[in-house]
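Structural description and commentary
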Amino acid sequence: MTQRTRVGGAVLVLSLIWSSFGAVAAHADTLEQWLHVQLPYSTRVLLDNVGPSAGVPNAAPGAVIASQSYEPFYRYHWTRDGALTMEAVVGLYERATDLQHKARLRGLLADYVSFSRQNQLTDNPSGGADDLGLGEPKFNIDGSAFTGSWGRPQNDGPALRVSTLVHLARLLLKEGHEDWVRKNLYSPSLPARTVIKADLEFISHHWGDASFDLWEETKGDHFYTRLVQRRGLLDGAELAEHLSDFAAAQWYRSQAAALEPELNRHWDSQRGYLTVTLNQVGGLDYKSSGLDSAIVLAALHASPRNGAKDSFYAVTDDRILATAARIAQSFRQVYAVNSRDRDWNAQAMGVGIGRYPEDRYSGTNSSNQGNPWFLATNAYAELYYRCAKTWEQQGSIRVTRARAALFHQTGNLSSLQANVGEVISRDDPRFQVVLDGLRETGDTYLRRSRFHADAHGAMSEQFNRDTGYMQSAAELTWSHASVLTAAWERGK
Ligand code: NOJ
Ligand code: NOJ
């Protein structure tokens, strides 16, 4: 309610109606109005889940609590969730204008840097300090090792952390804090003394090792893990070069290049999509399709933070787009909630997206039925916003097979005449039509999330495939981070 009154006159009136008639009038909000309320809410939940946290007294400063939920128990710091959440905090820092707010965010980020370094120095079941222990997926929120059985190691974590911290380092360098960066983030010395350097040494020497995937279930070689490893190495190389660690930069780049042919092996030309895992050596045995929204997350989480151009499995890559379309198609069938495709205002809603079609994890156990996830559905919004932005910057769109198929399947673009092989340039009236159409497609996915979230903005991990009600971990930090990053792509 207090959030809502900030929006301004029109919404104030709406919100008064809303408070007297339950959630019904809230549905009259446009997506902009919803975001106006949702973004501050998501920001608050996200920041409340970084230690020190009022709700979680034993969380160390800089620990990121995946969710405050007890059932399932998510009061841990996962390296992956932590890095993705802190990427959003870096985004908030970048956008903050209020000096006090900025100082608070800088404090949280510095705490996260120390907490992460502490994790690296903690022996754990994946291995020793500053060694194989870097692949440990999660730590207790007081920073001690989690010693229960788990799918470990998970080697995407250090890579995501590098990209987040290099993003932070770029901002701090611009602000003139080179000493702080050298002392806390990256120093060339070996054995490593700083968090980014230790992660880069780990990634560059161990990217070939089999590990568990981001869903913590399958052991093998994963497209997601490898694509974010490549990005981490390239980001790290850029920073190393900036700080005159030239030989290291060259080594990290060489390993990034060595990952490329491995990633290309995931393209299954017969099935026409990128298959998520190769060379499986352990874990679940029922992921038969190889379709997984981790492919879309990979393209997003591996996109350059500094606006650099890199077309290698970018969101606009044909293989990414073709795979994304196949995944959505399969979830359309798998989840009953998707049979409803209009919201209360008769506005189109995109498909609720889950992890993968064969998923059985319901939040309480893994012998159930999987559900759509907010973070995956929001990722589809971000995907199409990012495509629009990329093409806008490029100033032209080459029509490829997957792109033609995308236009064809996109409600408001389905009648667009575009032939494979032609180039639509900025002065062609179709150029703007495509960009608007893609942004509208992104909006359909945010409408889906909004439809299943609660009227105050709460977002759990999943929403039930049949009833549409939220389930599993309440107020999942990563769900909220994914709202922020999607909205930022939309806004740009
Ligand atoms: C908990 C993990 O976090 C989740 O990703 C997984 O599906 C289940 N365990 C089952 O392995
Ligand atoms: C289960 C998800 O599968 C995994 O990716 C995540 O790290 C944990 N939950 C914590 O949110």
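These figures come from a predicted structure and were not determined experimentally. (Residues numbered from 1 in each chain as written. Chains lettered and ligands numbered in written order. Predicted model: local features only at pLDDT ≥ 70, side-chain atom pairs only at ≥ 80, totals over all residues. Heavy atoms only, no water.)

In the neighbourhood of ligand 1, the contacting residues comprise Trp215, Glu216, Glu217, Arg355, Tyr361 and Ser366. Trp215 is positioned such that a nitrogen or oxygen atom in its backbone is 2.8 Å from an oxygen atom of ligand 1. One nitrogen or oxygen atom from the side chain of Glu216 is found 2.4 Å from an oxygen atom belonging to ligand 1. Contact with the protein chains hides 76% of the accessible area of ligand 1, taken as 300 Å² for the molecule alone. Tallied by class, residues from the shell around ligand 1 come to two nonpolar, one polar and three charged. (Near = heavy atom within 4 Å. Polar contact = N/O pair within 3.5 Å; in protein donor to acceptor, adjacent residues only side chain to side chain. Areas by Shrake-Rupley, 256 points an atom, 1.4 Å probe, with all protein chains shown as cover. Nonpolar A, V, L, I, M, F, W, Y, C, P; charged D, E, K, R; others polar.)

A few words now on the side chain of Glu217. With respect to the element layout, Glu217 can be found in the loop between β3 (211-212) and β4 (218-222). Of the residues examined, Glu217 reaches a relative accessible area of 10% and is grouped as buried. A polar atom in the side chain of Glu217 sits 2.6 Å from the side chain of Tyr356. Beyond its immediate sequence surroundings of up to four residues, Glu217 is in contact with Phe212, Gly283, Leu284, Arg355, Tyr356, Asp359 and Tyr361. (Helix = DSSP H or I, 4+ residues; strand = E, 2+ residues; numbered from the N terminus. Buried < 20%, exposed > 50% of the residue type's maximum accessible area, 1.4 Å probe, protein only. Contact = heavy atoms within 4.5 Å.)

There is about 1,100 Å³ of room inside the largest pocket. Looking at the largest pocket, it is lined by 42 residues, and the ones nearest its centre are Ser303, Pro304, Arg386, Lys389 and Thr390. Looking at the lining of the largest pocket, the element that brings in the most residues is helix α13 (residues 374-394), giving nine residues. Split by residue class, the lining of the largest pocket holds 13 nonpolar, 14 polar and 15 charged. By volume, the second largest pocket is sized at about 610 Å³. Surrounding the second largest pocket, 24 residues form its lining, Arg332, Gln409, Thr410, Gly411 and Tyr445 being those nearest its centre. Those elements giving two or more residues to the lining of the second largest pocket turn out to be α12 (318-334), α13, α14 (401-409) and α15 (429-452). Top element by residues in the lining of the second largest pocket is α12. It accounts for seven residues. (1 Å grid on protein atoms, 1.4 Å probe; cavity = no way out; pocket = protein on both sides within 12 Å on 5 of 7 lines; lining within 4 Å. Points joined across faces, edges and corners; volume = space filled by probe spheres on them.)

Attention shifts here to the nonpolar core. Core analysis: the largest hydrophobic core is formed by 136 residues, its most contacted members being Leu185 and Ile196. Top contributing element to this core by residue count: α13, with twelve residues. In this structure Leu185 touches Val113, Leu165, Leu168, Ala169, Leu172, Trp180, Thr194, Val195, Ile196 and Lys197, once residues within four positions along its chain are discounted. Grouped together as the second largest cluster of nonpolar side chains are seven residues, Ala60, Ala63, Ile65 and Ile141 included. (Core = buried A, V, L, I, M, F, W, Y, C linked by side-chain atoms within 4.5 Å.)

Here we come to the site of ligand 2. If you check the shell around ligand 2, you find 13 residues, and the closest are Arg80, Asp81, Leu214, Trp215 and Arg355. With respect to ligand 2, the side chain of Asp81 contributes an N or O atom lying 2.6 Å from an oxygen atom. Arg355 is positioned with one of its side-chain polar atoms (N or O) 2.8 Å from an oxygen atom of ligand 2. With the chains in place, 98% of the 290 Å² that ligand 2 exposes on its own is no longer accessible. Across the shell around ligand 2, the residue classes tally to eight nonpolar, no polar and five charged.

What follows concerns unusual backbone geometry. Each neighbour pair has its own omega, and for Glu71 with Pro72 the value is 0°, a cis peptide bond. For Pro72, the location among the structural elements is in the loop between α3 (31-48) and β1 (76-78). Going from Arg152 to Pro153, the amide bond is cis rather than trans, its omega being -5°. Within the secondary structure layout, Pro153 lies in the loop between β2 (138-140) and α6 (157-174). Phi is positive for Glu216, close to 65°, though the residue is something other than glycine. Within the secondary structure, Glu216 sits in the loop between β3 and β4. Here Glu216 falls in the partly exposed class, since its relative accessible area comes to 21%. Even without being glycine, Asn279 reaches a positive phi, approximately 50°.

Our focus in this paragraph is the confidence of the model for the chain. When pLDDT is averaged across the chain, the result is 93; 94% of the residues are at 70 or more. Low pLDDT (under 50) marks residues 1-25, which in the prediction has 33 contacts with non-local residues, meaning those over four places away or in another chain. (pLDDT = per-residue confidence, 0-100.)

Below, the discussion takes up the packing of aromatic side chains. If you walk through the whole model with that rule in mind, you get 17 aromatic pairs. Ring centres 5.4 Å apart and planes at 55° place the aromatic pair Tyr74 and Trp78 in the tilted group. For the pair Tyr74 and Trp78, a shared accessibility class is recorded, and that class is buried. Plain terms: the ring middles of Trp215 and Trp478 are 6.3 Å apart, the flat faces sit at 25° to each other, and that makes the pair stacked. With Trp215 in the loop between β3 and β4 and Trp478 in helix α16 (residues 477-491), this residue pair connects regions lying 263 residues apart in the sequence. Like Trp215, the residue Trp478 is buried in the burial classification. One aromatic cluster in this structure is built from Tyr70, Phe73, Tyr74, Tyr76, Trp78, Phe146 and Trp150. Lying across the ring of Tyr76, Lys138 places its NZ or CZ 3.5 Å from the centre. (Phe/Tyr/Trp six-rings, centres within 6.5 Å; stacked < 30°, edge-to-face > 60°. Lys NZ or Arg CZ within 6 Å of the ring centre and 35° of its normal.)

Taken N-terminus to C-terminus, the directions of helix α4 (residues 79-95) and helix α5 (residues 99-120) make an angle of 155°; their axes are 10 Å apart at the nearest point. Taken together, α4 and α5 sit at an angle that is classed as roughly antiparallel. Judged by the sense of rotation from one axis to the other, the crossing of α4 with α5 is left-handed. Of α5, the residues touching α4 (which contributes Gly82, Ala83, Met86, Val89, Val90, Leu92 and Tyr93) are Lys102, Leu105, Arg106, Leu108, Leu109 and Tyr112. (Axes fitted to C-alpha atoms, helices over the stretch in contact; angles between N-to-C directions. Parallel < 35°, antiparallel > 145°, perpendicular 65-115°, else oblique. Left-handed = near helix turned anticlockwise from the far one by under 90°.)

Moving on: the environment of Thr410. As for its position among the elements, Thr410 is in the loop between α14 and β9 (423-425). By relative accessible area, which is 5% here, Thr410 ends up buried. For Thr410, the contacting residues outside a window of four places in its chain are Gly437 and Thr441. A polar contact is formed between the side chain of Thr410 and the backbone oxygen of Leu406, at a distance of 2.5 Å.

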